[in-house]
Amino acid sequence: MRLKYILFILTVFLLTSCQQDDALPTDVGTGYLSLASIEVQAASKVSVPTRAVDAGLAIEIWNEAGDTQVKSFDAGDTVASQKIELEAGNYLLKTYSPNYNTAYTNDEKGDAKYYAEQTFSIQEERVTYIDVAVPITNFGVKLALPDSFDTHFSSYTFTVELGSRSISLANGETAYFDVPTETDNYTLAYSFTATNTDNETMTQTGSYTNPLSGKMYEITYSYATRALACGVSPSADAAR
């Protein structure tokens, strides 16, 4: 009888142990993300040199599927420069300039917009370093007049238009436009009217088909015998 009792206690103990083992949670280890370098990328230019835009970038970390945000950092948040603790697994990083979703009006010349996505993985107890070059997602248009233009012309107006947006620019100014997403074919149109010192007014119009994001387009005017000649000429890569 005593042997049966001991066996019964032992059986209950073993069953309880198995149940406890099955119920133990599975812990997910953590690792770290270090944003080694997230920098805006120089824009390809169609015309004259441009300069890099030193813009602050917001950062978001999402799960691999991109449907759940895990962490976010506003532009300029110094915490994003430190090691970021994350559970081991795969993630999607999104980084963008604060003006990325801004729709500029006819009263605003706008600014360059930046956006990039990159996937990465975190391993348990390890640091993952990533570098991201963030490209410009819109494009710019700049007016460039010869240095001695004012010697031969007393006044001028320059207008550039894309879709329903129309912007007037002075010499050296730049306007930024979003690339239309609703059509594959679109045209950037521009018009320049100038009055020379003999009080003669002349107008030149032109267009550029399907300008690309990440590029600068410089409209240049030269003159011969006080007449205008216009061109959009390709040039070296630049940022702005």
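Preceding block: the structure.
As a starting point, this report considers the structure included with it. What you are looking at is a predicted structure, and each value in this text was computed from that prediction instead of being measured.

**Observations concerning the sheet that holds strand E4 (residues 69-73)**
The strand order across the open sheet formed by 4 strands is E4-E3-E6-E7, and the pairing between neighbours is antiparallel. Unpaired on one side and paired on the other, E4 and strand E7 (115-122) mark the two borders of the sheet. This sheet shows a mean twist of 20° between the axes of neighbouring strands, independent of strand direction. Here 8 bridges tie strand E6 (residues 89-96) to E7, and the two strands are oriented antiparallel to one another. Within E7, the position partnered with Lys94 by the bridge is Glu117.

**Looking at the packing of aromatic side chains**
In the structure shown here, the tally under the stated rule is 15 aromatic pairs. Ring centres of Tyr100 and Tyr115 lie 4.6 Å apart, and the angle between their planes is 20°; on these two criteria the pair is classed as stacked. Here Tyr100, found in the loop between E6 and E7, pairs with Tyr115, found in strand E7; they are 15 residues apart in sequence, far enough to count as distant. Ring centres 5.9 Å apart and planes at 70° place the aromatic pair Phe149 and Phe192 in the edge-to-face group. Taken together, the residues span a long stretch of sequence, with Phe149 in helix H2 (residues 149-152) and Phe192 in strand E13 (residues 187-196) at a distance of 43 residues. A relative accessible area of 0% means that Phe192 is categorised as buried. Site record: aromatic cluster; members linked through ring pairs are Phe149, Phe153, Tyr156, Phe158, Tyr190, Phe192 and Tyr221. The ring of Trp62 has Lys94 lying over it, and the distance from NZ or CZ to the ring centre is 4.2 Å.

**Here we look at the pattern of salt bridges**
If you walk through the whole model with that rule in mind, you get 2 salt bridges. Here Lys109 makes a salt bridge to Glu173, at a shortest N to O gap of 3.8 Å. Of this pair, Lys109 sits in the loop between E6 and E7 while Glu173 sits in the loop between strand E11 (165-168) and strand E12 (174-177), placing them 64 residues apart in sequence. Judged by relative accessible area, Lys109 falls into the partly exposed class, the value being 32%. The partner of Asp178 in a salt bridge is Lys113, with the nearest N and O atoms 3.0 Å apart. Placement of Asp178 in the loop between E12 and E13 and of Lys113 in the loop between E6 and E7 is noted, with a sequence separation of 65 residues between them. Residue class for Asp178 comes out partly exposed when judged on its relative accessible area of 39%. For Lys113, a relative accessible area of 2% translates into the label buried.

**A word on unusual backbone geometry**
With a phi angle near 60°, Glu125 is a residue other than glycine that sits in the positive phi range. Summarising the element assignment, Glu125 is placed in the loop between E7 and strand E8 (127-134). You will see that Asn199, though not glycine, has its phi angle at about 65°, which is positive. For Asn199, the position within the fold is in the loop between E13 and strand E14 (201-209).

**Looking at the environment of Ala75**
In this fold, Ala75 is placed in the loop between E4 and strand E5 (84-87). For Ala75, a relative accessible area of 35% puts it in the partly exposed group. Residues Ala75 and Thr95 lie 20 residues apart in sequence; the distance between their C-alpha atoms is 9.3 Å.

Conventions and cut-offs
- Residues numbered from 1 in each chain as written.
- Predicted model: local features only at pLDDT ≥ 70, side-chain atom pairs only at ≥ 80, totals over all residues.
- Heavy atoms only, no water.
- Pairing = 2+ DSSP bridges.
- Helix = DSSP H or I, 4+ residues; strand = E, 2+ residues; numbered from the N terminus.
- Axes fitted to C-alpha atoms, helices over the stretch in contact; angles between N-to-C directions.
- Phe/Tyr/Trp six-rings, centres within 6.5 Å; stacked < 30°, edge-to-face > 60°.
- Buried < 20%, exposed > 50% of the residue type's maximum accessible area, 1.4 Å probe, protein only.
- Lys NZ or Arg CZ within 6 Å of the ring centre and 35° of its normal.
- Salt bridge = Lys/Arg side-chain N within 4 Å of Asp/Glu carboxyl O.

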